Number of protein chains: 4
Amino acid sequence: MAETSIADSTTGRDGAILAGLPAVRQWQEDFYRDLHRHPELSHQEHRTAGLVAEKLRESGIEVREGIGGTGVIGIIRAGEGPVVLLRADMDALPVQEATGLAYASTERAIDASGNEVPVMHACGHDVHVTCLLGASELLARHAEQWNGTVIALFQPAEEVGDGARGMVNDGLREAIPDVDVAMAQHVLPLPAGVVGTHRGPFLAAADSMRITVFGRGAHGSMPQAAVDSVVLAAMIVIRLQTIVSREVAAADTVVLTVGSIRAGTKSNVIGDRAVLELNLRTFDESTRTSVLNAIRRIVIAECQASDSPEEPEFELYDSFPLTVNDDEVTGRVHDAFARHFGARLHAMPQGAASEDFSDIPTALGVPFTYWGIGGIDEQHYRRAVQNGRVSQDIPVNHSPGFAPVIQPTLDTGTEALVVAALAWLAP
Amino acid sequence: MAETSIADSTTGRDGAILAGLPAVRQWQEDFYRDLHRHPELSHQEHRTAGLVAEKLRESGIEVREGIGGTGVIGIIRAGEGPVVLLRADMDALPVQEATGLAYASTERAIDASGNEVPVMHACGHDVHVTCLLGASELLARHAEQWNGTVIALFQPAEEVGDGARGMVNDGLREAIPDVDVAMAQHVLPLPAGVVGTHRGPFLAAADSMRITVFGRGAHGSMPQAAVDSVVLAAMIVIRLQTIVSREVAAADTVVLTVGSIRAGTKSNVIGDRAVLELNLRTFDESTRTSVLNAIRRIVIAECQASDSPEEPEFELYDSFPLTVNDDEVTGRVHDAFARHFGARLHAMPQGAASEDFSDIPTALGVPFTYWGIGGIDEQHYRRAVQNGRVSQDIPVNHSPGFAPVIQPTLDTGTEALVVAALAWLAP
Amino acid sequence: MAETSIADSTTGRDGAILAGLPAVRQWQEDFYRDLHRHPELSHQEHRTAGLVAEKLRESGIEVREGIGGTGVIGIIRAGEGPVVLLRADMDALPVQEATGLAYASTERAIDASGNEVPVMHACGHDVHVTCLLGASELLARHAEQWNGTVIALFQPAEEVGDGARGMVNDGLREAIPDVDVAMAQHVLPLPAGVVGTHRGPFLAAADSMRITVFGRGAHGSMPQAAVDSVVLAAMIVIRLQTIVSREVAAADTVVLTVGSIRAGTKSNVIGDRAVLELNLRTFDESTRTSVLNAIRRIVIAECQASDSPEEPEFELYDSFPLTVNDDEVTGRVHDAFARHFGARLHAMPQGAASEDFSDIPTALGVPFTYWGIGGIDEQHYRRAVQNGRVSQDIPVNHSPGFAPVIQPTLDTGTEALVVAALAWLAP
Amino acid sequence: MAETSIADSTTGRDGAILAGLPAVRQWQEDFYRDLHRHPELSHQEHRTAGLVAEKLRESGIEVREGIGGTGVIGIIRAGEGPVVLLRADMDALPVQEATGLAYASTERAIDASGNEVPVMHACGHDVHVTCLLGASELLARHAEQWNGTVIALFQPAEEVGDGARGMVNDGLREAIPDVDVAMAQHVLPLPAGVVGTHRGPFLAAADSMRITVFGRGAHGSMPQAAVDSVVLAAMIVIRLQTIVSREVAAADTVVLTVGSIRAGTKSNVIGDRAVLELNLRTFDESTRTSVLNAIRRIVIAECQASDSPEEPEFELYDSFPLTVNDDEVTGRVHDAFARHFGARLHAMPQGAASEDFSDIPTALGVPFTYWGIGGIDEQHYRRAVQNGRVSQDIPVNHSPGFAPVIQPTLDTGTEALVVAALAWLAP
């Protein structure tokens, strides 16, 4: 997985362009550590966007800023030819980093609800940004090797599901040439150095729902005068588990997670409300509808069981589209990856995660593909896998311990973007 | 319940001293509204303590400040005779007021955990302070009517259970003459104008416990890689209900309330821990021990059921003593109340609430009594009571709607303190 | 506790009559073992009733049989004087005996639902029957020592709550002379040799409820086509715990037990209904009503949460009255017990158990008292009690291990009946 | 779907043989109604086996009886050629029929646990038996049309998973010629007239588990002396739901059903044990192992939470293998079905049901395929399907309302067996 292997397996244009990787790698690693140390919440990616624009300009690339808030676009023109859009997302999560890394984040920020929260690149968007900047520089510095246009799109607010729509609604189509194909990638808990593709439905539709249920407040010593909102909320959490276990066919892929529960402020006061925030992943619309209906049915009934004095409130937010990789696009990228990565190319199973990336090609009316790259140290990964199962000491995306190893992760993500783009760009 | 009735029913010293009530009432009502509008959390009673000291001085009473933090003591000396300690508590609660009153609180403060919270006098300590200031003024202005010493003690931090201990530990005994008897009162959801006494065990022992349980964080779409701390916390809440329903004899009075639950920060991230805060009320030590053991047993087992990666943490705090009213003291006060209040004197049942008042007489080695006064408008109360049951539109202590009617509540509380003190003070 | 102590402490009539106890004891112990070995379910007490009638006749007592099914009455006339009714209940329970005793029951019977069940005297009615037969013989053989009438009433079907009513409805009043006072006793997990009285409300009102909830059947592999009645029933059981833990004041004595749950017949078939049988104990009518309403509210709401296709069904049965011991009757019996039993007389706390005995005096319009006797070996009891708490290896009524030690249990119960009756019977 | 359509679409050997279907149909429909009216539990298929053997003999087929208990084999020899095994299962289920059909079952039987239960052909094995008898007669009467051997195997006890193994262990291999290929079919809630095939993993592995958990018995009024086995069992049911909802990846197909729960015999007695029977469906061994481990972990922990006095007991039973259809066999059958059934041939999705059929070919070392046929009236089916979802008024296998329409179900199942067998038999 050293760079010599790249030279070995890659010939022609790809090899010529990727020969520049060692130079890129020199700034990429520090750039990545800096991004990781300074994560920013969705819609607050000001520092990140500034660094992205600066680096694009250093690479001699034309830049558009401020699209959809903090969105940044680099446009690399190399004459007539296909227009390939490559996208990276920039935002981070309200997670307290626990990686123990020298470059771990200690940042805190005020979230959309006004609460101060820790911030961490627990989803690896710092990898995505760094790789796309590296790929852009390689493509820009070797523009003589290809014809067409590459659009490097740096998107805000993927985690809350409206960053892609935000760029679309803020004039994305007008800001760039007509696109032929769109691509994006995500770093995952696979061995670093690996890439993986998947045809067809790849990532789930997602919806978040905020549910507020009402009790009746009282002193903690007088439950008989209260309707206990903590007990009500707990019952709802428990009952909601039965949707996946009992109401959904086993072959139907659904995830329903109550990510947050909060009720009460003091041990001896029964509070008058509880707030649950849940997230739903589905792979078809009729299942989505029936699960959303079941959630409402259960919450309303549990409120009645508690004799709740007010109707519960439901607020749907952070909706993500289904991500369905185009067959032909995925096939062409897969073939290019096979030539370049050899055995490092894996088949990816369907995943329950979600992405708003597809909102961009959908709005532009173009096909797309979305692939995965690994981020876990290969030795660590091998030790953790036993009998075909990954043991639980591999941190996954969104966990406080998720931090890709820097190499070969950055190299692989950078190579993948270059190789995939070149599969479409005219020679 | 008009003041003429007082004149009618009260003769001798009591009548002579209480004849000053109309004058006191003139400042008391505004003073009360101001306190209600500006509540302060436990250990933060700086403004309140300042107003108390100022008013004591206006009444010509000797003042000691800063005992146990914000504690204030007024000493009214009237020659040789018994020393009676009267106590009021000053702190308020992190509750969002919903009384709709013109003088409702809109205050917010930073609590001990560093969170900003609403603040409200949802437990009526503003009534206690105002009545004790009024009674002090009456006793001070008519000191020629009695012999002995009255100590008016204004205590911080009753709600968190360490304000009384704090004053004791900060030299209370040395700051005041030797006490013979101690008394305190609490406003309750009874008809305003009513007072109630109870001999023997009156209020429960109370303990709060903070329980932290650990899951394993992951993206919300990958529950299989997580241990879901929200589900774990909900199961614990549900399981804890079985302690009172199944492990405690029906005749044994126990309340176990989980007042607060919080886990996770985002709908689509499975957080790695949950925090529960619960409150336990018991009336004997062996029950207390066996319930605390049952709580630990259940929490530990539920963590095992969830395959939790870490042992749960238990922190006991805000422990309140059992309040056992002295037979003789209560009897003498009861007789004095019977003479003064007539049919307005009720028998009070045992209550599941708790108080740290008794830490003071216990430390001083003196007997005490603690009584209740009503705060609900009598017409409202009558409408709400049907078939001997109070319907649920009477707000109880600690609820967002709890606000005593100003009169006859303040009059009654002021009279009760004067009458009870005089039952002990030499003529 | 040997018989000499009886002679020591008892003089006069009581002593003269109880001097016959050793003779009675000779048949009582074998009679008891036989009853214990051959228990009969409620309304099936044919063998027991036959033995009772036979023994009464052997003692020269006038017998009435077949009142209220298997009810038996012995009438002992000794001239003019008060008429005292002493009652024992005869039925046993569907429990599989696990005492390991040589005379343990291995009986099985068909219950009211048509199921074959094990049968056991797990509630000690065999003790009651044996003691009342002994006391009757003693009183009959020494009728020259007293004046009046003793009615020894052997009642069926106490466990299902309708045996007393059954005798009343079947002409009890006409079958016997006018009664002045009624008495009954129960063996309890106290040290054998002890008796205990209680004035006022002693035993709870009880109600049983059968709840049928409906799911939708399907193969176990297709939960999405089913409404899972097992999950629904489990949720209801869990939710019902919150009535006692949250809806009832801590000082209010309520027990709500789901004694039986059954749903489904096979591991891989989702059944279409579940049946719960619960039992409720309360000490006042308004609490009883509000708890019954809460049960219905919770069951209906949980059915809605499960999307149950049919309304649940509720059937109330086995209702028992509140048992309130008459002050004067209890006082007189207490004094007689104090003279006879000395330190072996204990105060009994209120108990959550229930009895239909009071239906008889209520129907006859006469006062009554009901007391307890111990049945646990004293050494065993002492070892089991630590720090004032009884450890859990003392089997309680209705448990598979409940078996009173034969002595001094039978002696004590026999003496208590004689002493209590004589407290009323004219000399 | 009338027989003319068969003639239209089927030519050559198939057509010649199936021309006999009208004659077969004359006895098949009555035979089916009789079987349906007289279902027999697993291992009790004596009457059914007798009828099968009698009918085979009437058709002139060589019969072997009593293999693996009630197993019956018919052997149809037609010279040299491939040996095709066709299998039908004969047993019924403990379900109370609620179809309202004139030929509905009212049978009751004693199950393996000694309980009397209702019995119903709720899984359609009566269809399987009738179709295989019909196909056997057609093949036997037209043996001149083909070469080889057909083995018509009628298996007991499929529902409990050991009927196929039982025949294997009882000398099946020696009782029949060497088999080349094995086939079986199942009637499903698809439109009658339809057949469906599936290559690869088709049906789940299944395991049943009986779990006994222990409480401590007591009278229902003394929960503090008991460990409540009903509450414990309910908690386990609820907790087990979290395995599918939280511990299994959404894309992994797992069904965990608690089909039966029973605890307690009486509303006012807390029983000392509860029995749960659950069924697990999985599609790979490592998932199966981890779910079985999770079940044990949860049950043990919930027993600890309840302070259960004894370790729980686990008994695994009724284990079914994974059913993986052979690619080549399925392909050849699929092609033959396509020629014969045209548009009535559907692709079948993977199902969560299980079968022990594959134990036979696995033991014989031969490839197999297993297909589905529809049994729901086509008009009814169309009305019930809306937006691609089947509404819930279509009764599914194992439900009390499951009853295939007689035609075209029997015709289709008979034709499918003949056509599939002929795809292998030499001309």
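Per an unreviewed UniProt entry, chain A goes by Peptidase and derives from Mycolicibacterium aichiense.

1. A few points about the relation of the copies chain A and chain B
The operation linking the two copies of the chain is a rotation about an axis combined with a translation along the axis. Each copy of the sequence occupies a distinct position, and chain A is placed on chain B by a rotation of 179° and an axial shift of 0.1 Å, giving an RMSD of 0.2 Å. Considering both components of the superposition, the chain copies are consistent with a two-fold axis. When the interface residues of chain A are mapped onto chain B, 100% of them again fall at the interface, so both copies present the same face.

2. Concerning the nonpolar core
Core analysis: the biggest nonpolar cluster contains 128 residues, and I295 of chain A, I295 of chain B, I295 of chain C together with I295 of chain D have the highest contact counts within it. If we ignore the near neighbours within four places in the chain, the residues touching I295 of chain D are M209, I211, L240, I243, L256 and L278 of chain D. Counting 61 residues, the second-largest nonpolar core is a separate cluster that includes I17, A53, A88 and V127 of chain B.

3. Regarding the packing of helix α8 (residues 229-247) of chain C against helix α9 (residues 285-305) of chain C
Residue and element names in this part refer to chain C. At a minimum axis separation of 10 Å, α8 and α9 run at an interaxial angle of 145°. Of the two possible hands of crossing, α8 and α9 adopt the one that is right-handed. Counting all contacts with α8, which are made through L232, M235, I236, R239, L240, T242, I243 and E247, the residues of α9 involved are V291, A294, I295, R297, I298, V299, E302 and C303.

4. Side note on unusual backbone geometry
Negative phi values dominate among residues other than glycine, just as trans dominates among peptide bonds. The linkage connecting Q407 of chain A with the following residue, P408 of chain A, adopts the cis geometry, with an omega of 5°. For P408 of chain A, the location among the structural elements is in the loop between β20 (389-390) and α13 (409-422). With phi around 80°, H398 of chain A is a residue other than glycine that occupies positive phi space. Residue position: H398 of chain A is located in the loop between β20 and α13. Unusually for a residue other than glycine, D318 of chain B sits at a positive phi of about 50°. By secondary structure assignment, the location of D318 of chain B is in strand β15 (residues 313-320). Under the relative-accessibility criterion, D318 of chain B is labelled buried at 16%.

5. Points about the UniProt feature "binding site: Mn(2+)" (unreviewed entry) in chain A
All names here are of chain A. UniProt tags C123, H125, E159 and H186 as "binding site: Mn(2+)" (unreviewed entry). What stands out for the annotated residues spanning 64 residues is how close their C-alpha atoms remain, the widest pair being 12.8 Å apart. Of note, E159 is situated in the loop between β6 (148-155) and α6 (163-169). A relative accessible area of 3% places E159 in the buried class. Position of H186 among the secondary structure elements: in strand β7 (residues 181-191). For H186, a relative accessible area of 8% corresponds to the buried category.

6. Describing the confidence of the model for chain A
All names here are of chain A. Per-residue pLDDT for chain A averages 92, and the proportion of residues at 70 or more is 96%. Under a pLDDT of 50 for its full length, residues 1-9 has, in the predicted model, 13 contacts with residues more than four places off or in other chains. Here the prediction assigns the complex a pTM of 0.78, and the interface score ipTM is 0.72.

7. Brief notes about the side chain of Q241 of chain A
Looking at where Q241 of chain A falls in the secondary structure, it is placed in helix α8 (residues 229-247). Side-chain polar atoms of Q241 of chain A contact the backbone oxygen of V237 of chain A, separated by 3.1 Å. Excluding its chain neighbours within four sequence positions, the residues that come into contact with Q241 of chain A are V231 of chain B together with Q241, T242, S245 and R246 of chain D.

8. Overview of the relation of the copies chain C and chain A
By a simple turn and slide, chain C fits onto chain A: the slide is 0.1 Å along the axis, the RMSD is 0.1 Å, and the turn is 179°. Interface overlap between copies is the fraction of interface residues in one copy that are interface residues in the other; for chain C against chain A it reaches 100%, indicating a shared surface.

9. Considering the sheet that holds strand β1 (residues 62-67) of chain C
Residues and elements named next belong to chain C. Here we have eight strands laid out as an open sheet, ordered β1-β2-β6-β3-β7-β18-β8-β17, and mixed in their pairing. Both outer strands of the open sheet, β1 and β17 (345-347), are each paired with one neighbouring strand and no more. Pairs of neighbouring strands in the sheet enclose a mean axial angle of 25°, with direction left out of account. Here helix α5 (residues 125-141) sits on the sheet and contacts β2 (71-78), β3 (83-89), β6 (148-155), β7 (181-191) and β18 (368-376); the angle it forms with β3, its principal contact strand, is near 150°.

10. A few points about the sheet that holds strand β3 (residues 83-89) of chain B
Residue and element names in this part refer to chain B. Spatially, eight strands are ordered β1-β2-β6-β3-β7-β18-β8-β17 in an open sheet, and the strand pairing comes out mixed. Two strands lie at the open edges of the sheet, namely β1 (62-67) and β17 (345-347), each paired on one side alone. Neighbour-to-neighbour, the strand axes of this sheet turn through a mean angle of 25°, independent of strand direction. On the sheet, helix α4 (residues 46-58) packs against β1, β2 (71-78) and β6 (148-155) and is oriented at approximately 15° with respect to β2. Contacting β2, β3, β6, β7 (181-191) and β18 (368-376), helix α5 (residues 125-141) crosses the sheet at an angle of about 150° to β3.

11. Thoughts on the pairing of β7 of chain C
All names here are of chain C. By the criterion of burial, β7 is predominantly enclosed, with ten of the eleven residues buried. With four bridges joining them, β3 and β7 adopt parallel strand pairing. Note that in β7 the partner of L86 across the bridge is M183. Of the pairings in the sheet, the one linking β7 to β18 comprises eight bridges and is parallel in character. Within β18, the residue paired with A184 across the bridge is Y370.

12. Quick look at the domain arrangement of chain A
All names here are of chain A. Each domain of chain A was delimited in the assignment, giving domain 1 (6-203 + 322-422) and domain 2 (205-319). Placing a centre on the C-alpha atoms of domain 1 and another on those of domain 2 gives a separation of 35 Å. Between domain 1 and domain 2, the contact holds twelve residues from the first and nine residues from the second. Between domain 1 and domain 2 lies a buried interface of about 770 Å² when both sides are counted; carbon and sulfur atoms form 52% of it. Three residues stand out in domain 1 for area buried against domain 2, namely L322, A352 and S354, and they jointly supply 53% of the buried area on that side. A breakdown of the residues in the side of domain 1 that touches domain 2 according to their chemical character gives six nonpolar, four polar and two charged.

13. Brief notes about the interface of chain A and chain B
Taken together, the contact pairs 53 residues of chain A with 54 residues of chain B. Buried area between chain A and chain B, summed over both chains or domains, comes out near 4,600 Å², and the portion from carbon and sulfur atoms is 60%. Between chain A and chain B we count zero salt bridges in total. The tally of links from chain A across to chain B stands at 14 residue pairs in polar contact (both at pLDDT 80 or more). Elements with a minimum of two residues in the side of chain A that touches chain B: β11 (218-219), α8, β12 (255-263), β13 (269-270) and β14 (273-282) of chain A. Considering every element that reaches the side of chain A that touches chain B, the biggest residue donor is β12 of chain A, with eight residues. A breakdown of the residues in the side of chain A that touches chain B according to their chemical character gives 26 nonpolar, 19 polar and eight charged. Note: β12 of chain A against strand β12 (residues 255-263) of chain B, three bridges, orientation antiparallel. Of the residues in β12 of chain B, the one forming a bridge with I261 of chain A is A263 of chain B.

Scoring rules and cut-offs
- Residues numbered from 1 in each chain as written.
- Chains lettered and ligands numbered in written order.
- Predicted model: local features only at pLDDT ≥ 70, side-chain atom pairs only at ≥ 80, totals over all residues.
- Heavy atoms only, no water.
- Least-squares fit on C-alpha atoms with pLDDT ≥ 70 in both.
- Contact = heavy atoms within 4.5 Å.
- Core = buried A, V, L, I, M, F, W, Y, C linked by side-chain atoms within 4.5 Å.
- Buried < 20%, exposed > 50% of the residue type's maximum accessible area, 1.4 Å probe, protein only.
- Axes fitted to C-alpha atoms, helices over the stretch in contact; angles between N-to-C directions.
- Helix = DSSP H or I, 4+ residues; strand = E, 2+ residues; numbered from the N terminus.
- Left-handed = near helix turned anticlockwise from the far one by under 90°.
- UniProt positions renumbered as here; feature names shortened; annotations may be inferred.
- pLDDT = per-residue confidence, 0-100.
- Polar contact = N/O pair within 3.5 Å; in protein donor to acceptor, adjacent residues only side chain to side chain.
- Pairing = 2+ DSSP bridges.
- Domains from an automatic or database assignment.
- Buried area = accessible area lost by both parts, 1.4 Å probe.
- Nonpolar A, V, L, I, M, F, W, Y, C, P; charged D, E, K, R; others polar.
- Salt bridge = Lys/Arg side-chain N within 4 Å of Asp/Glu carboxyl O.

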